[in-house]
Amino acid sequence: MLTLMGGFLLLMVLGVPVAFAMAGASLLYVMTASTVPDFVVVHRMISGVDSFPLLAVPFFILAGNLMNIAGITRRIYNFAVALVGWMKGGLGHVNIVGSVIFSGMSGTAIADAAGLGTIEIKAMTDHGYPKEFSVGVTAASATLGPIIPPSLPFVIYGMMANVSIGALFIGGILPGLVMTAVMMLTVAYIAHRNGWGSDVKFSGRQLLLATIEILVVLAFPFAVWAMTLAGLSANWAALVALVILLALDWYFDFSAVMALMAPVLLIGGMTMGWFTPTEAAVAAVLWALFLGLVRYRTMTLKLLAKATFDTIETTASVLFIVASASIFAWLLTVTQTAEFLTEAILGFTTNKWVFLLLANLLMLFVGCFLDTIAAITILVPILMPIVLKLGIDPVHFGLIMTLNLMIGLLHPPLGMVLFVLARIANLSVERTTMAILPWLVPLFLSLILITYVPEITTWLPDVLK
């Protein structure tokens with residue numbers, strides 16, 4: 001146990017990347033322990049990535065990249081301006097609403113920050129907003145990416161914790177809306193305190209058109225339901241409704257109906273049994289290709305090739321982390337390290353609310369130093385036995401873990417969203433960090449609500465069982 005954990009911590013202190021630190025510590029333990037055969041390292045690393053749910057990883061990454069290159073981010077931004085740009089601090093609200101929509105397609109915080117952040121920060125600074133405020137609200141809203149389905153961290157957590165990925169996706173909807181409301185209230189407060197007005201002139205026509213687009217999207221599941229009541233099969237009802245929707249979109253040239261439809265199709269498809277969460281990732285890619293190549297015709301073969309190579313690069317790094325974490329997590333179990341840590345924590349407290357407080361503090365700390373995927377693969381084998389013993393819903397805990405690690409993406413030394421936004425805004429990492437700090441208040445408030453009101457997460461999955 002000391003060799004495994006000591007080797008891992010030593011390599012991390014020396015600045016070795018986390019995947020190599022886990023693999024190196026595991027190899028060191030296997031070489032020094034006579035009870036574990038050498039071939040176990042390779043076997044466990046291969047079996048760790050030989051998983052059907054993990055097929056969702058490259059497809060969700062590709063879907064986010066395709067959305068970024070297809071010009072859909074500009075349409076989402078224009079739609080959000082029409083919907084909430086007329087409010088006080090309008091572009092701050094636009095930033096948040098845009099992230100909500102984009103989250104339903106990308107599944108990652110970094111894709112959100114890189115895609116919409118480029119447009120939003122420039123627009124906000126052009127309208128006279130302080131650059132620090134622009135960066136702060138963009139960073140905070142980017143955390144919605146993995147909370148509102150689909151979500152790449154949910155896929156990894158579901159695989160590691162043996163939890164339904166579909167339930168995690170559905171469970172993220174209400175927490176995402178709660179976070180949206182808290183962030184928009186924060187923007188409204190800052191705008192009132194600073195005396196900011198609206199950024200675009202109120203237009204009843206533009207607001208009506210944006211509202212109609214939302215109603216058109218919301219009408220889709222009701223239309224499917226009505227046609228099934230009339231005797232049509234669910235598959236044919238969905239197909240007819242989709243054809244009607246496409247015809248309306250082509251005729252009226254809606255700004256964001258097709259983008260808004262992405263989460264509806266994914267969640268609806270999983271609920272109706274058309275595809276599994278893994279297959280939903282493929283559906284997301286097909287939808288992105290349809291929008292970029294057919295509907296909007298903004299995607300070229302050159303851009304498509306770039307998105308593909310970017311996906312290959314990102315997927316390779318993610319899967320190497322998963323492979324390294326697989327042998328590391330297995331050795332944690334074999335050496336009874338996980339059991340030792342479980343007993344130590346349960347010896348300190350058996351109150352689930354106190355445990356959730358301690359777990360939040362631990363995950364916030366770990367999120368500052370480890371990549372999200374690596375943190376999930378390390379923490380789940382340690383914390384999940386305690387979660388089950390204390391009667392905490394694993395879906396609820398998955399939301400808590402993901403949100404903690406998303407907040408970690410905003411911090412040095414390894415916060416990827418922090419570095420992405422620093423580059424986009426042309427600010428130093430120090431100034432970017434100071435710009436993000438005030439936005440930890442609404443994020444922590446959301447975390448407290450989601451942690452201690454589990455019904456926010458569990459109600460919808462229970463209803464849709």
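Residues numbered from 1 in each chain as written. Predicted model: local features only at pLDDT ≥ 70, side-chain atom pairs only at ≥ 80, totals over all residues. Heavy atoms only, no water.

### A look at the packing of helix H4 (residues 56-69) against helix H15 (residues 277-295)
Running from N to C, H4 and H15 cross one another at 20°; their axes reach a closest spacing of 8 Å. With respect to each other, H4 and H15 are oriented roughly parallel. In the crossing of H4 with H15, the sense of the turn from one axis to the other is left-handed. Two secondary-structure elements touch here, H4 through Ala-56, Phe-59, Phe-60, Leu-62, Ala-63, Leu-66 and Met-67 and H15 through Pro-277, Thr-278, Ala-281, Val-282, Ala-284, Val-285, Trp-287, Ala-288, Leu-289 and Leu-291. Taken together, the residues of the contact of H4 with H15 sort by class into 16 nonpolar, one polar and no charged. (Axes fitted to C-alpha atoms, helices over the stretch in contact; angles between N-to-C directions. Helix = DSSP H or I, 4+ residues; strand = E, 2+ residues; numbered from the N terminus. Parallel < 35°, antiparallel > 145°, perpendicular 65-115°, else oblique. Left-handed = near helix turned anticlockwise from the far one by under 90°. Contact = heavy atoms within 4.5 Å. Nonpolar A, V, L, I, M, F, W, Y, C, P; charged D, E, K, R; others polar.)

### Quick notes on the packing of aromatic side chains
Any pair of aromatic rings gets described here by the distance separating the centres and the angle formed by the planes. Counted according to the given criterion, the structure contains twelve aromatic pairs. Look at Phe-154 and Phe-169: their rings are 6.4 Å apart centre to centre, the planes differ by 35°, and that puts the pair in the tilted class. Of this pair, Phe-154 sits in helix H9 (residues 152-161) while Phe-169 sits in helix H10 (residues 165-171), and the two are 15 residues apart along the sequence. Taken together, the ring pairs connect Tyr-129, Phe-133, Trp-196 and Trp-439 into an aromatic cluster. If you follow Arg-295 out to its NZ or CZ, it ends over the ring of Trp-250, 5.3 Å from the centre. (Phe/Tyr/Trp six-rings, centres within 6.5 Å; stacked < 30°, edge-to-face > 60°. Lys NZ or Arg CZ within 6 Å of the ring centre and 35° of its normal.)

### Things to note about a nonpolar patch on the surface
On the surface, Phe-348, Trp-353, Val-354, Leu-357, Leu-358, Leu-361, Leu-445, Ile-448, Leu-449, Tyr-452 and Val-453 cluster together to form a nonpolar patch covering roughly 950 Å² of accessible area. Of all the secondary-structure elements, those providing two or more residues to the nonpolar patch are helix H18 (352-367) and helix H23 (440-452). When residues in the nonpolar patch are grouped by element, the largest group, five residues, is from H18. Assignment of secondary structure puts Ile-448 in helix H23. (Patch = residues over 30% accessible without salt bridge, like charges linked within 9 Å, V, L, I, M, F, W, Y side chains within 5 Å. Areas by Shrake-Rupley, 256 points an atom, 1.4 Å probe, with all protein chains shown as cover. Salt bridge = Lys/Arg side-chain N within 4 Å of Asp/Glu carboxyl O.)

### Focus on the confidence of the model for the chain
When pLDDT is averaged along the chain, the result is 82, and 94% of the positions lie at 70 or above. Ranking the elements of the chain by mean pLDDT puts helix H17 (residues 337-348) last with 70 and H23 first with 94. (pLDDT = per-residue confidence, 0-100.)

### Focus: the pattern of salt bridges
When charged atoms on two side chains of opposite charge get close, those side chains can pair. A complete count under the given rule lists five salt bridges for this structure. A salt bridge links Lys-122 to Asp-126, with the shortest nitrogen-to-oxygen separation between them at 2.9 Å. Within this pair, Lys-122 and its partner Asp-126 are both found in helix H7 (residues 109-126), separated by four residues, close to a single helical turn. Across the pair, exposure class does not vary: Lys-122 and Asp-126 are exposed alike. When the shortest N-O distance is used, the salt bridge between Asp-253 and Arg-295 registers 3.2 Å. One end of the pair, Asp-253, is in the loop between helix H13 (234-252) and helix H14 (257-271); the other, Arg-295, is in helix H15, with 42 residues separating them in the sequence. By relative accessible area, Arg-295 is classed as buried at 9%. Shared partners join several salt bridges into a network, and the residues in it are Asp-249, Asp-253 and Arg-295. (Buried < 20%, exposed > 50% of the residue type's maximum accessible area, 1.4 Å probe, protein only.)

### Here's the deal with unusual backbone geometry
Negative phi values dominate among residues other than glycine, just as trans dominates among peptide bonds. Despite not being glycine, Asn-162 shows a phi value in the positive range, around 55°. Tracing the backbone through its elements, the reader meets Asn-162 in the loop between H9 and H10. Its identity is not glycine, yet Asp-253 carries a phi of approximately 50°, on the positive side. In this structure Asp-253 comes out as partly exposed when scored by relative accessible area, which is 45%.

### What to know about the environment of Pro-277
As for its placement among the helices and strands, Pro-277 is situated in helix H15. As for Pro-277 and Pro-150, which are separated by 127 residues in sequence, their C-alpha atoms are 8.7 Å apart. Among residues more than four places away in sequence, those in contact with Pro-277 are Phe-60, Ile-165, Gly-166, Phe-169 and Met-270.

### Structural notes on helix H5 (residues 72-84)
Spanning 13 residues, H5 covers 18 Å between terminal C-alpha atoms, matching the ideal 18 Å at 1.5 Å per step. Within H5, ten of the 13 residues are buried, which leaves it mostly tucked inside the rest of the structure. Of all the residues in H5, the buried ones are Ile-72, Thr-73, Ile-76, Tyr-77, Phe-79, Ala-80, Val-81, Ala-82, Leu-83 and Val-84. (Expected span 1.5 Å × (residues − 1).)

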